[in-house]
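# Coordinate analysis (summary)
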Amino acid sequence: MRKTLLSLVGCAALVASAQQVTVVEHVQLMKGTEGPAYYPVLNADGSKLLYSTIMTPGLKLYDFKDNVSERISDAAGVGQDAFFGGDGNVYYVTAERGEDRLIYRTGHKYDMATKKSDVVLEAQHGPVLMMTAQRGAALKAQSSNFSTGKQMGTGVYTEGSTVHVTVNGKDRSFSPVESWAGYLWASLSPDGQRVAFFAAGKGIVVMDLNGKVLAMLGNYEMPSWLNNDYIVAQNTKDDGHQFTSSQIMLFKADGSFKHELTKPTSMSMQPTAAAGKVVYSSIDGMLYMMKINITE
């Protein structure tokens, strides 16, 4: 029996070691043409990139094919939660202080075809929760909501220590792991069958659409699906005052494999992934892109 167990362990190790990760391209984006930029977000096919600028505050959209950027909004801080809806539009929230000194948030939709933004959620006090979906998007607030309709497919978002999964227009709410500080960064796998999110104090959780935990990937942050089987994330350390190291990691979604894409000393962070492509920001605001090939 002991010999059999050792053989099984050895086989598992051979399977894991057989996986090879090759970075086939690794370049700096918009070198010399863009100032510090953060919060990159790739669209589903990896052809376009959202990012937030610092020197001239606002949200920009970069097209890989044409190698050009266009400004979507000049409001400060809009890039942190901006995302691509499954309908091909960009959604973002702006915030401004009212005469009563309260912060009011407004939801916007940017149409990439017409290159115009429209208000889809009127200014209101309180948080705006943003739901990505397979064929649309939704913005949820205390006073009112916006949705692209019932045919948006499966969608996901977090609220406190709850993950909301919308399937066929019906909301499912799950709290599969304890986290006193809440959940963040929920995303849906490309095939719409699994959800990855970050639980404070626990790390990255992968679950199915019924709330069953499938894997715990460790105490990493900002998970993003590279494809249906792999996830990239940020591994950041600090001393309580400032970052001491930060790197981009690759994980198999079932928890059986992990790999360093960048070194801890690279101070690389805020990864976004899609269709075999990874984009991340350095601590000083430089954007980098890598293309990855994985063989098993």
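How each quantity is defined
- Sequence order as written defines residue numbering, which begins from 1 separately in each chain.
- Selection of residues for local features in this predicted model requires a pLDDT of at least 70, selection of side-chain atom pairs for listing and counting requires 80 or more, and totals for whole chains, interfaces and linings are taken over all residues.
- Heavy atoms from the whole structure form the basis of all side-chain values; hydrogens and water molecules are not counted.
- Numbering of helices and strands runs from the N terminus, with a helix taken as a DSSP run of H or I at least four residues long and a strand as a DSSP run of E at least two residues long.
- When a residue's accessible area, from a 1.4 Å probe over protein chains only, is under 20% of the maximum for its type it is buried; when over 50% it is exposed; and in between it is partly exposed.
- Only heavy atoms matter for contacts: two residues are in contact if any of them lie within 4.5 Å across the pair.
- Exposure was quantified through the Shrake-Rupley algorithm and a 1.4 Å probe, taking into account, for residues, occlusion by the shown protein chains and nothing else.
- For the purpose of charge, His is not counted, nor are the chain termini; Lys and Arg are scored as positive and Asp and Glu as negative.
- Note on charges: their place is set at NZ of Lys, CZ of Arg, CG of Asp or CD of Glu.
- Values of pLDDT, which run from 0 to 100, indicate the predictor's confidence residue by residue.
- Strands are treated as partners if at least two bridges between them are detected by DSSP.
- Only the stretch in contact is used when a helix axis is fitted, and all axes are lines through C-alpha atoms; the angle between N-to-C directions ranges over 0 to 180 degrees.
- Pairs of N or O atoms are called polar contacts if they sit within 3.5 Å, as long as, within protein, a hydrogen donor faces a hydrogen acceptor (for residues adjacent in sequence, only side-chain-to-side-chain pairs).
- As used in this record, nonpolar core signifies buried Ala, Val, Leu, Ile, Met, Phe, Trp, Tyr and Cys residues forming a set joined through side-chain atoms within 4.5 Å.
- Classification of ring pairs rests on two measures: the distance between centres of Phe, Tyr or Trp rings, Trp counted by its six-membered ring, which must be within 6.5 Å, and the angle between planes, read as stacked under 30 degrees, edge-to-face over 60 and tilted in between.
- When the NZ atom of lysine or the CZ atom of arginine is within 6 Å of a ring's centre and also within 35 degrees of its normal, the charge is said to sit over that ring.

## Considering the overall build of the protein chain
Scanning the protein chain from terminus to terminus reveals 1 helix and 26 strands. Each principal axis of the C-alpha atoms in the protein chain carries an extent, and together these give about 75 × 45 × 40 Å. Taking all 296 residues of the protein chain together, the buried fraction comes to 47%. Within the protein chain, counting contacts between residues at least 6 apart in sequence, those at least 24 apart form 38% of the total. Of the roughly 15100 Å² of accessible surface on the protein chain, 50% is carried by carbon and sulfur atoms. Counting 27 positive and 28 negative side-chain charges, the protein chain places the centres of these two groups 6 Å from one another.

## Here's the deal with the confidence of the model for the protein chain
Of all residues in the protein chain, 94% attain a pLDDT of 70 or more, and the chain-wide mean is 92. Low pLDDT, under 50, characterises residues 1-16; the stretch is placed with 1 contact to residues that sit more than four places away or in other chains.

## Focus: the sheet that holds strand β1 (residues 20-28)
Sheet strands pair by backbone hydrogen bonding; their relative direction is either parallel or antiparallel. Spatially, 4 strands are ordered β1-β26-β25-β24 in an open sheet, and the strand pairing comes out antiparallel. One side of each edge strand has no neighbouring strand; the edge strands of this open sheet are β1 and β24 (268-274). Each strand of the sheet is rotated relative to its neighbour by a mean of 25°, with strand direction disregarded. Inspection of the sheet shows β1 paired to strand β26 (residues 287-295) by 8 bridges, in the antiparallel sense.

## Overview of the side chain of Ser-268
Inspection of the secondary structure assignment puts Ser-268 in strand β24. One polar contact links Ser-268 to Ser-266, side chain to side chain, over a distance of 2.8 Å. Excluding its chain neighbours within four sequence positions, the residues that come into contact with Ser-268 are Ser-246, Gln-247, Ile-248, Thr-262, Tyr-280, Ser-281 and Ser-282.

## Notes on the nonpolar core
Judged by nonpolar contacts, the single largest core of 15 residues is most densely connected at Val-156, Val-163, Val-165, Val-195, Phe-197 and Met-207. Within the residue set of this core, elements represented by two or more residues are β14 (162-167), β16 (183-188), β17 (194-199) and β18 (203-208). If sequence neighbours within four positions are ignored, Val-156 has contacts with Met-130, Met-131, Thr-132, Val-163, His-164, Val-165, Ala-186, Ser-187, Leu-188 and Val-195. With 13 residues, the next largest nonpolar core counts Tyr-230, Ile-248, Leu-250 and Val-278 among its residues.

## Topic: unusual backbone geometry
In this structure, Arg-101 is a non-glycine residue whose phi angle is positive, near 70°. Take Arg-101: it is sitting in the loop between β7 (90-97) and β8 (103-111). The backbone of Ala-275 sits at a positive phi, close to 50°, despite the residue not being glycine. The topology assignment puts Ala-275 in the loop between β24 and β25 (277-282).

## Overview of the packing of aromatic side chains
Within the structure shown, the criterion is met by 8 aromatic pairs. When the centroid spacing of 4.6 Å and the interplanar angle of 40° are considered together, the rings of Tyr-183 and Phe-197 count as tilted. You can see Tyr-183 sitting in strand β16 and its partner Phe-197 sitting in strand β17, a full 14 residues away along the chain. Of the residues examined, Tyr-183 reaches a relative accessible area of 3% and is grouped as buried. Members of the aromatic cluster, joined through ring pairs, are Phe-83, Tyr-91 and Phe-146. A cation over an aromatic ring shows up here: Lys-277 above the ring of Phe-64, its NZ or CZ 3.8 Å from the ring centre.

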